[in-house]
Amino acid sequence: MALSNSQYDAIMREYGRQQMENRHRQEKRREEVCKKVPAVLELEAEIASHSVACAKGLLAGNEKEVERLREELADLREQKSVLIRSAGFPEDYMELQYRCPDCHDTGYVNGKKCHCFLQAQMKLLYAQSNLEEVLDQENFSVLTFDYYDDQQVIPQIGMTNARYMKQVVGWCRSFVENFSQRTENLLFTGSTGVGKTFLTNCIAKELMNRYFSVIYLSAPDLFDVFSRIQFSYQQEEDMRDMYRYILDCDLLIIDDLGTELNNSFTSSRLFYCLNERMNMKRSTIISTNLSVAMLRDSYTDRVTSRIMSGYTVIPLYGGDIRLLKRQKGRAS
């Protein structure tokens, strides 16, 4: 998931473009205010003059003069603020406005990549990978219930699979619609091909369209990041960014949990990841072929307890939809 030089440059060019747009918008607002309240121009000239005089006083070591100038500066700024407010403008209307108030649209905070940079990084990597193509093919708009049985009642749920899947899709849509209001975690269980990954892709597509940060990793890839962070003496910056993003992103999707090489390290890292995200009120979706009982057998009590107490478990039923599609294709 590392950025190439050209990808990094593309992101930084966008920050440069945003900064120019910020200044342009500020100038337009300034012209608007000065046209309506010409006295603001005179006050700005006085403020500039006093600021220069204050700087000279500091260099000369004239503390009394500097103190007097500072008091006058404060008074002039207050007069300007009163005029702006009385004209019906917000107090900060003439100031620079930023898309990201944390980094002021520079991409960095204290020498580290801002969360908005990481989000832009992930969007760019997704756009230039095959995931974007996958999400174009697997989303709510193309979802169909034609491959789910609508005749036989499944004893565990007391309804047909088609009717049940309509409920499941409703829960997924509700997850998306309420995403910014409440933190939820989902666990999809079921055998291969029943639609677990398809549903997580549907959710990912909707949230990415709404500019939430989403990261999608298979379980082996997730633990590969953790192991490289844990055991590499010279950690690559992009790998550290990836690790931070796994913990901080709005939604983390862990696909195929249980396909990784399971040991004490993976169990401890999984618990840390899930626990940290729950503490930070970040949502996580897990899909697995393992049943709840098999999860208990495969992972530590701490992991299974955290999942069972903090996740909505959604079991999926039926046959392999991909096989059904191929069979239907051959029959037609």
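A quick note: this is a predicted structure, and the numbers were derived from the prediction, not measured.

Draft legend 1. Molecular detail of the overall build of the chain. A count of helices and strands for the chain gives 13 helices and nine strands. The C-alpha radius of gyration of the chain comes to 28 Å, more than 25% above the 20 Å expected for a compact globule of 332 residues. In terms of its C-alpha atoms, the chain occupies a principal-axis envelope of roughly 85 × 50 × 40 Å. Intrachain contacts of the chain at a sequence separation of at least 6 include 75% that bridge at least 24 residues. A distance of 3 Å separates the average location of the 42 positive side-chain charges in the chain from that of its 46 negative side-chain charges.

Draft legend 2. Representation of helix H7 (residues 196–209) in the model. For H7, built from 14 residues, the straight-helix expectation of 20 Å at 1.5 Å per residue is met to within 8% by its first-to-last C-alpha distance of 20 Å. Directly beyond the C-terminal end of H7, a positive phi value near 65° is found at Tyr211.

Draft legend 3. Structural detail: the UniProt feature "coiled-coil region" (unreviewed entry) in the chain. Residues annotated by UniProt as "coiled-coil region" (unreviewed entry) correspond here to residues 52–86. Between the C-alpha atoms that bound residues 52–86 the distance is 28 Å, and the span itself is 94% helix and 0% strand.

Draft legend 4. Layout of the side chain of Thr189. As for its position among the elements, Thr189 is in strand S5 (residues 186–189). When near neighbours in sequence (up to four residues on either side) are disregarded, Thr189 contacts Lys196, Thr288, Leu290, Val313, Ile314, Pro315 and Leu316.

Draft legend 5. Focus on the layout of surface pockets. Taken as a whole, the largest pocket encloses approximately 570 Å³ of empty space. Around the largest pocket, the lining is made up of 28 residues, and of these Glu138, Gly195, Thr197, Phe198 and Arg322 lie nearest the centre. At the level of secondary structure, the elements contributing two or more residues to the lining of the largest pocket comprise helix H5 (131–137), helix H6 (161–177), H7, strand S7 (251–257) and helix H13 (321–331). For the lining of the largest pocket, the element with the most residues is H7, which contributes five residues. In terms of residue class, the lining of the largest pocket is built from 14 nonpolar, eight polar and six charged.

Draft legend 6. Structural detail: the packing of helix H10 (residues 264–279) against helix H12 (residues 301–310). Contact geometry of H10 with H12 gives a least axis separation of 9 Å together with a crossing angle of 30°. In terms of their interaxial angle, H10 and H12 are classed as roughly parallel. Judged by the sense of rotation from one axis to the other, the crossing of H10 with H12 is left-handed. Here Ser267, Leu270, Phe271, Leu274, Asn275, Met278 and Asn279 of H10 lie close against H12, whose contacting residues are Arg302, Val303, Arg306, Ile307 and Gly310.

Draft legend 7. Looking closely at unusual backbone geometry. One non-glycine residue, Asp105, lies in positive phi territory at about 60°. Inspection of the secondary structure assignment puts Asp105 in the loop between helix H3 (63–86) and strand S1 (108–109).

Reading the values: rules and limits
- Residues numbered from 1 in each chain as written.
- Predicted model: local features only at pLDDT ≥ 70, side-chain atom pairs only at ≥ 80, totals over all residues.
- Heavy atoms only, no water.
- Helix = DSSP H or I, 4+ residues; strand = E, 2+ residues; numbered from the N terminus.
- Rg over C-alpha atoms; globule rule 2.2 N^0.38 Å.
- Contact = heavy atoms within 4.5 Å.
- Lys, Arg positive; Asp, Glu negative; His and termini not counted.
- Charge placed at Lys NZ, Arg CZ, Asp CG, Glu CD.
- Expected span 1.5 Å × (residues − 1).
- UniProt positions renumbered as here; feature names shortened; annotations may be inferred.
- 1 Å grid on protein atoms, 1.4 Å probe; cavity = no way out; pocket = protein on both sides within 12 Å on 5 of 7 lines; lining within 4 Å.
- Points joined across faces, edges and corners; volume = space filled by probe spheres on them.
- Nonpolar A, V, L, I, M, F, W, Y, C, P; charged D, E, K, R; others polar.
- Axes fitted to C-alpha atoms, helices over the stretch in contact; angles between N-to-C directions.
- Parallel < 35°, antiparallel > 145°, perpendicular 65-115°, else oblique.
- Left-handed = near helix turned anticlockwise from the far one by under 90°.

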